[in-house]
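One letter stands for each residue in the lines below.
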Amino acid sequence: MRRILIVILFVLLFSTACGQAETAMPTRAPLAEVAVTASPSPPAEAAPELNIETVPEIVEEAEPGERPLLPNLADLPIEAGLGGGLMAGDGLVAAEQPADLWGGATFSLNTTLPTEIAEATVWQQPALPLDESRATEIAARWGFSTPLYQYATPDESILDEPVGAAAAPLPAVLPEFHVFDGARSLVMTEDAAYFSDESVPFNYETPRPFAERAAAAEAALQSMGLLNFPYILADGWGHEVWVNRELEGMVTDFPEMSAGVGENGRLAFASYQPFDALTAVGTYPLISAETAWQQIQDGIDEAILFSITSGTAETLPAPAASGFKYWPRTHQNGQEVHLYTFPTVFLPVDTSLPPLIRALSYTVQTDAETKRALAEQVGVNLHFRGILDTSTNSLALAGWEPVPDLNPLIKNGTVQRQGEQVILLDQEGNGFILPDAPADLTDGSAVNVFAWAARDVGLAYPVLDWEGIDMQIAESSGEMLAMPDMLPPAASAYEQISINAAELAYYVYPEMVAGENGRSQQLYWLLPVWQFTGLADNGDVITFTVQATARDEE
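Residues numbered from 1 in each chain as written. Predicted model: local features only at pLDDT ≥ 70, side-chain atom pairs only at ≥ 80, totals over all residues. Heavy atoms only, no water.

## Quick word on the packing of aromatic side chains
Next up, step 1: Overall, the coordinates contain 16 aromatic pairs when judged by the stated rule.
Next up, step 2: Each ring, one from F107 and one from W293, has its centre 6.5 Å from the other, and the planes form 80°; the classification is edge-to-face. Linking F107 in strand β3 (residues 106–109) with W293 in helix α4 (residues 289–298), this pair joins segments that are 186 residues apart in sequence.
Next up, step 3: For F107, a relative accessible area of 14% gives the class buried.
Next up, step 4: Judged by its relative accessible area of 5%, W293 falls in the buried class.
Next up, step 5: Joined through ring pairs, the aromatic side chains of W102, F107, W293, F306, Y494, F532 and F544 make up one cluster.
Next up, step 6: Here R184 stacks its cationic end above the ring of F144, 4.1 Å away from the centre of that ring. (Phe/Tyr/Trp six-rings, centres within 6.5 Å; stacked < 30°, edge-to-face > 60°. Helix = DSSP H or I, 4+ residues; strand = E, 2+ residues; numbered from the N terminus. Buried < 20%, exposed > 50% of the residue type's maximum accessible area, 1.4 Å probe, protein only. Lys NZ or Arg CZ within 6 Å of the ring centre and 35° of its normal.)

## Overview of the confidence of the model for the protein
Next up, step 1: Mean pLDDT over the protein works out to 79, with 73% of the residues at or above the 70 mark.
Next up, step 2: With pLDDT under 50 throughout, residues 78–98 is counted as low confidence; its partners more than four residues away or in other chains account for 65 contacts.
Next up, step 3: Counting interchain partners and residues more than four positions distant, the pLDDT-below-50 stretch residues 313–322 has 15 contacts. (pLDDT = per-residue confidence, 0-100. Contact = heavy atoms within 4.5 Å.)

## Some thoughts on the pattern of salt bridges
Next up, step 1: Enumeration according to the criterion identifies eleven salt bridges in this entry.
Next up, step 2: The shortest N-O distance in the salt bridge between E137 and R141 comes to 2.9 Å. Taken as a pair, E137 and R141 lie in helix α2 (residues 132–141) at a separation of four residues, close to a single helical turn.
Next up, step 3: Exposure remark for R141: the relative accessible area of 3% places this residue in the buried category.
Next up, step 4: Linking D235 and R213 is a salt bridge whose minimum nitrogen-to-oxygen distance equals 3.2 Å. Pair noted here: D235 is in strand β10 (residues 231–235) and R213 is in helix α3 (residues 210–223), with a separation of 22 residues, a long-range link.
Next up, step 5: Overlapping salt bridges bring together R134, E137, R141 and D276 as one network. (Salt bridge = Lys/Arg side-chain N within 4 Å of Asp/Glu carboxyl O.)

## Points about the nonpolar core
Next up, step 1: With 40 residues, the main nonpolar core has W102, I296, Y494, I497, F532 and F544 as its most contacted residues.
Next up, step 2: Breaking this core down by element, the ones donating at least two residues are β4 (119–125), α4, β16 (304–309), β29 (496–514), β30 (520–536) and β31 (541–547).
Next up, step 3: Here this core gets six residues from one element, more than from any other, and that element is β29.
Next up, step 4: Not counting the four nearest positions on each side in its chain, Y494 is found in contact with L101, W102, G104, A105, I308, A536, D537, N538, D540 and I542. (Core = buried A, V, L, I, M, F, W, Y, C linked by side-chain atoms within 4.5 Å.)

## A look at the side chain of Q273
Next up, step 1: Residue position: Q273 is located in the loop between β14 (267–272) and β15 (279–285).
Next up, step 2: Judged by its relative accessible area of 4%, Q273 falls in the buried class.
Next up, step 3: A distance of 3.0 Å separates polar atoms of two side chains, one belonging to Q273 and the other to Y524. (Polar contact = N/O pair within 3.5 Å; in protein donor to acceptor, adjacent residues only side chain to side chain.)

## As for α3
Next up, step 1: Compared with the 20 Å implied by 1.5 Å per residue over 14 residues, the 20 Å span of α3 between its first and last C-alpha is a close match.
Next up, step 2: With respect to burial, α3 is a largely interior element, eleven of its 14 residues being buried.
Next up, step 3: Along α3, the positions that sit buried rather than exposed are F210, A211, R213, A214, A215, A216, A217, E218, A220, L221 and Q222.
Next up, step 4: Looking one or two residues beyond α3, the residue adopting positive phi is G225, at roughly 75°. (Expected span 1.5 Å × (residues − 1).)

## Remarks on unusual backbone geometry
Next up, step 1: Look at L360: it is not a glycine, yet its phi comes out positive at around 55°.
Next up, step 2: Examined against the element boundaries, L360 turns out to sit in the loop between β20 (356–359) and β21 (362–365).
Next up, step 3: Of note, D436 is a non-glycine position whose phi angle comes to about 55°, a positive value.
Next up, step 4: Inspection of the secondary structure puts D436 in the loop between β26 (431–433) and β27 (446–455).

## Some details on the pairing of strand β13 (residues 257–261)
Next up, step 1: Of all five residues in β13, five are buried; the element is thus mostly enclosed.
Next up, step 2: Here β13 shows two buried faces, one formed by M257, A259 and V261 and the other by S258 and G260.
Next up, step 3: One ladder, built from three bridges, connects strand β11 (residues 241–247) with β13; its direction is antiparallel. Within β13, the residue paired with V243 across the bridge is M257.
Next up, step 4: Sheet topology places β13 next to β14; five bridges connect them, and they run antiparallel. Counterpart to V261 in the pairing with β14 is L267.
Next up, step 5: Counting the residues in the hairpin turn of β13 and β14 gives five residues, including G265, whose phi is positive at 85°. (Pairing = 2+ DSSP bridges.)

## Regarding the environment of Y326
Next up, step 1: For Y326, the position within the fold is in strand β17 (residues 324–328).
Next up, step 2: Ignoring any residue separated from it by four or fewer positions in sequence, one finds Y326 in contact with E467, G468, I469 and D470.

Listed below in structure tokens is the structure:
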């Protein structure tokens, strides 16, 4: 589940790039002195010295008449996912919105508009090629000194092989490097890096107070030497802590880092999109805050971005209360496990090393010859068996075999507890042992079981290698409850919106540009914007974003 969240994290964060989170804690002190004063924490270890530029180098600016034309927020590409939208209280996006949220709204201003800022610098973060050298540098920032690997796919020239195929690195058109160290791993792309530590439990359902999470995340990131620029901490999606860069007194609206911290204060996962090569495009005149405020009152059009944090949306009900419950398979440390999946193959940059093999999220521990044999099974379903070590997230391989015709087994039946064994009695009267059965799976429960195989091990019943169990809970009347709605209701049109804060910030605007060999690469503009945050009559918190650069400079 964590990996799914980490993969989609970048998309979710971009969908909120038009607004700041509700809570922000400024931390402008030098690195060794930074602290979250709301919740005392042990001092972080001194950050290691790294050869990383902490202050963007300002390139020579063009003459005013030669300044580049700037992107316009009204032209923000839809595929970037950065336009206005509704953000519910727990981070869900509403399925529908009324055609006109603002047409009948009266806007009022309950703050003093800034008047002293007449110009600001526009910055760019260019796309930097991801080669072995840069990947090694980024990995070192996260504390990795282990070998670099590249994700492998089947060699397309021999895909007609009946079983297995030689592995080939992912095409260079999408450069990507991986490093592994026990349960820790880091995926590096041209745009971002994604860290995960599978040994750190993370509670998605019951978050700690933000001040506690912020202090723990800051200490962890400081100890790794990653917080080498001015920043603020903000409350992010999924109980994470966002780190937003501060540049010339203005905060970027997109988090450079997002960290999830476990109960023990260790990083469970994080994403990192470094703005470590910022260059100054030039100094541009700005429209006044008063002019931007007038634009909002004149009507919210495509040039004004908005974000809405619902003040009424409730957290989704717990599974038990919804009438539906699901248990994923949880394997225990030190036990023999049977996994059914295709091998995930990583080829070393240093070709003298053997490939690295993963089965699901577990690194396969075996001899070099076996690893090379497994690499030739890329794209083929295998049955892995071995002993699991959860501290290193590894599988000590005892054996494997191809199962190219693997098909899932769906079993519907009733749970029977017979001493220490839990039995599934299916609708045909066949019994199956459910290893690692959930403790709260009660006797007599009617369940659906998703499994891969049933193995005869000489017991009264075959062992079912299951992946998931679900069941519906009946009401007292016996009627099955429906699945809960996964989205909050659509927003209603507003009548009163009171603006309580106005400030100048940087908006991170993505632009695709032609790179080497004609391949598209991502370029990021840091555009000055006026951000107005206020409260609607129904309790929603709304942020409007207006481009601050003067129109004749666009």
